[in-house]
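Architecture at a glance
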Amino acid sequence: MKTKTKLIITLILLLIIVGFFYYRYYFVFGEGTKAGTMNYFVKKGYVFKTYEGRLIQSGIRSQVTGGTISSNEFMFSVTDEKVAKQLSSNAGSFLELHYKEYLHALPWRGVSVFVVDSVVSAKPLAPGM
């Protein structure tokens, strides 16, 4: 094989690998808004400290048709320090969160494929709720 042919094959293989990695870990599969009351929000991790949270949405849903009923929880990660501070200061409020959904998680992005990138609104809950 000529050196030029080897170079072209190597570049094509490299582009395929980079494209696969991008699609698997950085391609935004979906985005949307979830609303509910934050159950917990913590910063944790062994090497990469990430913010992880759980939002309890109103209502209930069935996991399996005719199966058991469980609460409607939305588990998410946060990478932006500003958004993390906003969530921490609004604990116990009714929150609307904008998120991006990736196909797979990365250690420095959190343990969830759902990454919250902004707080749309935060409303304190009325006493007794």
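Residues numbered from 1 in each chain as written. Predicted model: local features only at pLDDT ≥ 70, side-chain atom pairs only at ≥ 80, totals over all residues. Heavy atoms only, no water.

With an unreviewed UniProt entry as reference, the protein is termed 6-phosphogluconate dehydrogenase, source organism Mucilaginibacter angelicae.

1. Re the overall build of the protein
Helix and strand content of the protein: two helices and five strands. Buried residues in the protein amount to 27% of all 129 residues. Sequence-distant contacts, at least 24 apart, represent 57% of the contacts inside the protein between residues at least 6 apart. Surface accessibility of the protein: about 8,900 Å² in total, with carbon and sulfur atoms responsible for 62%. (Helix = DSSP H or I, 4+ residues; strand = E, 2+ residues; numbered from the N terminus. Buried < 20%, exposed > 50% of the residue type's maximum accessible area, 1.4 Å probe, protein only. Contact = heavy atoms within 4.5 Å. Areas by Shrake-Rupley, 256 points an atom, 1.4 Å probe, with all protein chains shown as cover.)

2. Overview of the UniProt feature "transmembrane region" (unreviewed entry) in the protein
What UniProt calls "transmembrane region" (unreviewed entry) maps, in this numbering, to residues 7-25. End-to-end, the C-alpha atoms of residues 7-25 are 27 Å apart, and along that stretch the chain is 100% helix and 0% strand. (UniProt positions renumbered as here; feature names shortened; annotations may be inferred.)

3. What about the confidence of the model for the protein?
Note that predicted coordinates carrying low pLDDT should not be read in detail. With 88% of its residues at a pLDDT of 70 or more, the protein has an overall mean of 88. No element of the protein has a lower mean pLDDT than strand 2 (residues 50-62), which averages 82, and none a higher one than strand 4 (residues 93-102), which averages 95. (pLDDT = per-residue confidence, 0-100.)

4. Some details on the nonpolar core
Across soluble globular proteins, you tend to see nonpolar side chains buried next to one another. One finds Phe41, Phe76, Val78, Leu87, Leu97 and Val116 to be the most contacted residues of the largest nonpolar core, which totals 15 residues. Breaking this core down by element, the ones donating at least two residues are strand 1 (28-44), strand 2, strand 3 (69-78), helix 2 (81-89), strand 4 and strand 5 (114-124). (Core = buried A, V, L, I, M, F, W, Y, C linked by side-chain atoms within 4.5 Å.)

5. Re the packing of aromatic side chains
The full count for this structure, using the stated rule, is 10 aromatic pairs. Judged by centre distance (6.0 Å) and plane angle (55°), the rings of Phe21 and Tyr26 are tilted. Using a relative accessible area of 39% as the deciding quantity, one classes Phe21 as partly exposed. Assessed through its relative accessible area of 35%, Tyr26 is described here as partly exposed. Feature note: the residues Phe41, Tyr51, Phe74, Phe76, Tyr99 and Phe114 constitute an aromatic cluster, connected by ring pairs. It is Arg109 that lies over the ring of Tyr26; its NZ or CZ is 5.7 Å from the centre. Cation over ring: Arg109 sits above Tyr102, and NZ or CZ is 3.8 Å from the ring centre. (Phe/Tyr/Trp six-rings, centres within 6.5 Å; stacked < 30°, edge-to-face > 60°. Lys NZ or Arg CZ within 6 Å of the ring centre and 35° of its normal.)

6. Here's the deal with a nonpolar patch on the surface
Nonpolar side chains collect at one region of the surface, where Phe21, Tyr22, Tyr23, Tyr26, Phe27, Phe29, Tyr46, Val47, Phe48 and Trp108 lie side by side and expose about 1,200 Å² of accessible area between them. Examined against the element boundaries, Phe27 turns out to sit in the loop between helix 1 (3-25) and strand 1. Looking at Phe27, the relative accessible area reads 31%, which means it is partly exposed. (Patch = residues over 30% accessible without salt bridge, like charges linked within 9 Å, V, L, I, M, F, W, Y side chains within 5 Å. Salt bridge = Lys/Arg side-chain N within 4 Å of Asp/Glu carboxyl O.)

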